[in-house]
Amino acid sequence: MTNSTTTALAELLDHARRHVPYYQGLLPQAPVTHDSALAVLRRLPLLRRDEVRRERPRLWSTAGDPLRWRTVHTTGTTGAPLEIVVDETAQRAELASLLRHVEGRVGARSGFALLHLTLHLASVSRTSRAPGPPGTRLSKWNLSRAWQLPDEEFLGTVEELAGQVITAMPSVMAALCDRLGRWPERLAPPLLIVLSGEHVTPSVRAQVAQVFRCPVTALYTLAEAGIVGHECGEAGTYHVDETGAFLEVVGDGGLPLPGGVPGAIAVTPLANHAMPLIRYLSGDTGVRVDGPCDCGRPGPRLRLLAARSERVMVTGPNGRGLRMIDLAKLCRQLDLGVARVIREGDEVVVEHRDERPASNVQRTVVAAAIRSLLGVELTVRTRQVPLVPAAEGPTTKAPRTAGAASAERPGVPAFPAPEEMAAWARKLLAGERDVLAAALTGSALDPASVSRFSDIDMTVVVDGDPYTAYWRSRATTMNRHVATLRVNVTRAAAVTRTPLVACRLLSERHPVVGSLEQAGVAWPTVDALAAEGRFWAQATESILWTRLTAPDRTRTDPLRDAWLSSRFCLDALRYKFLCEGIRVTAARSVLRMAARSGVPDVTGITHAFAVGREHRPPPGAGTPEADRFLLDALSCVRWLGDSL
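Residues numbered from 1 in each chain as written. Predicted model: local features only at pLDDT ≥ 70, side-chain atom pairs only at ≥ 80, totals over all residues. Heavy atoms only, no water.

Novice: How should the pattern of salt bridges be read in this particular structure?
Specialist: When the charged atoms of two side chains with opposite charge come close together, those side chains can pair. Applying the stated criterion across every chain yields a total of 38 salt bridges. Of the charged contacts in the structure, one is a salt bridge between Arg182 and Asp151, with a shortest N-O distance of 3.3 Å. Here Arg182 is found in the loop between α7 (170–180) and β7 (192–195), whereas its partner Asp151 is found in helix α6 (residues 151–157), with 31 residues between them in sequence. According to the relative accessible area criterion, Asp151 is partly exposed, its value standing at 29%. The shortest N-O distance in the salt bridge between Asp178 and Arg371 comes to 2.8 Å. (Salt bridge = Lys/Arg side-chain N within 4 Å of Asp/Glu carboxyl O. Helix = DSSP H or I, 4+ residues; strand = E, 2+ residues; numbered from the N terminus. Buried < 20%, exposed > 50% of the residue type's maximum accessible area, 1.4 Å probe, protein only.)

Pasting the structure below:
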């Protein structure tokens, strides 16, 4: 252990002694010094997951600024996940450790882009500048929406990976390899791929290297502790990151084991003073490796073991076991409530308890991850098991949208299938004598057009007064049961007075009840559309200009700017084409027509659409590229106003 590691350990222990209630009865009253730190540490009991869950408030420090802390969720391998708070110092230390690892592989060059890939619906794509070499950019890209694109379009999106440093969980990269492996010649290689967050098997490493044709490395990371170890070459050993963690391999009694003897891994993160976890059992096992490393780097090394027998859920033909922790990490990312995994010959069945069947993304990623661990010859399928017996479920139960009014999965804008949504609404509206017609519209009808800002729009055309207390109550109830649903109760005359709304209803509708035409909704005249378009363009220019000239553009959200800009551009193009007699309003169809029609700035409009729907990673806030979204939209709206 280096002097700096010992000093950091002494500071952490003394901080815990003075400011962390949980440790005040376990640590001596005397200050912890550089000389006494290791002895004091070894007298402490091991910290287990259930203790962290039970004692969480008492593990928080009474010193520091909680407003600057970040909450990190673990995978919940033994039930409910843990919530760990991390202070700014620990966040900066983890980032610095990652940058050191990357620079050690690609050289300390300036301006490389580091792109973290996820397939987690709840994660938000974002980009920030890194405190590393000048020009270094950090981005997180949620691929779950781009995954809905057809293969040819999806291949176009992953061109973003070329020449960049990619970080991802092995299961995410395995899923990408399964989908992209048929076209390796069409993939421009990244600069480097860094695998972390799960156990990295030789088969996953080989598959990733073969498909993406670039160097592959790995980190040993924990959500609770950040980066613990840096892989050395392809030897399967990790150099412990002594700047951020103190690591022990211990036996059942908590005593350190000699090199070469397998045991439980206990980690003490050194930088996080917000919630110190001292001698925390990670749930992994490993072996301390003694002796010098061939790379010449000094310090302790660790070899991770593949599995613990008591945690193996199922074993593949290759003899490798699927651990509970492997599956828990993956399924937390995918919002999938796995109940059990069983093997039936050459088929592995993943049973999950969720209100809806697994989505295409969930099935694909789970299958790719399990096959990469247990053998590519296996078939993997998912099987939904009900939360409650089917007989107990109400016949008009709302279709679940992931994250709908849920404390467990907040803010996840995933949508049910239009058929499912329409069937639910049809049952609710059955017998309503005033209802003439109802239909769904909007980007939610096209999975490739959905963004995290999208809504499910349902228009209900009634014969009587739409603003009675009865209809307000009915609409409120429906909105409450389905996340992002917007129910608009109106009369046919009101729809006719808003030409673009009428056109979108008639062009994009997914019928729920009745016929819009028979209800009195008709296509507006070109003159009515043009008049509305001129007024709309004037108001929209003002909105875009106000947003573009905000005092501090670095505090804006480029993802929202891209979505807002693309929405305004789409409406401008809709007005233009409708006034030319082209009765098409669906987003993707309008964009295809724009590309063929010589519309100005169509490349910029298409790019804003892609970023706003997370088909491309976003730029950083306040950058020229982020401003470009609004500038292109402003140009498009002015073009419309001048042409009408």
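Novice: Explain the sheet that holds strand β11 (residues 245–250) to me, please; I cannot follow it from the model alone.
Specialist: What links the strands of a sheet is backbone hydrogen bonding, and the strands pair in either a parallel or an antiparallel sense. Spatially, β4-β5-β3-β6-β7-β8-β9-β10-β14-β13-β12-β11 is the arrangement adopted by the 12 strands of the open sheet, whose pairing is mixed. The open sheet has two edge strands with one neighbour each: β4 (126–129) and β11. Pairwise comparison of adjacent strand axes, ignoring direction, gives a mean angle of 35 degrees for this sheet. With four bridges connecting them, strand β13 (residues 280–289) and strand β14 (residues 301–304) associate as antiparallel partners. When the bridges of β14 are listed, Val287 appears paired with Arg303. Lying on the sheet, helix α5 (residues 88–106) is in contact with β3 (113–118), β5 (137–142), β6 (165–168), β7, β8 (216–222) and β9 (226–231); it crosses β9 at an angle near 15 degrees. Running at roughly 115 degrees to β6, α7 makes contact with β3, β6 and β7 of the sheet. (Pairing = 2+ DSSP bridges. Axes fitted to C-alpha atoms, helices over the stretch in contact; angles between N-to-C directions. Contact = heavy atoms within 4.5 Å.)

Novice: What exactly am I supposed to notice about the packing of α7 against helix α8 (residues 202–212) here?
Specialist: For any two helices packed against each other, the geometry is given by the interaxial angle and the distance between the axes. Where α7 contacts α8, the axes come no closer than 10 Å and their chain directions differ by 45 degrees. It follows from the interaxial angle that α7 and α8 lie oblique. Between α7 and α8 lies a crossing whose hand is left-handed. From α7, Pro170, Met173, Ala174, Leu176, Cys177, Asp178 and Leu180 reach across to α8, where they touch Val204, Gln207, Val208, Val211 and Phe212. The class makeup of the residues in the contact of α7 with α8 is 10 nonpolar, one polar and one charged. (Parallel < 35°, antiparallel > 145°, perpendicular 65-115°, else oblique. Left-handed = near helix turned anticlockwise from the far one by under 90°. Nonpolar A, V, L, I, M, F, W, Y, C, P; charged D, E, K, R; others polar.)

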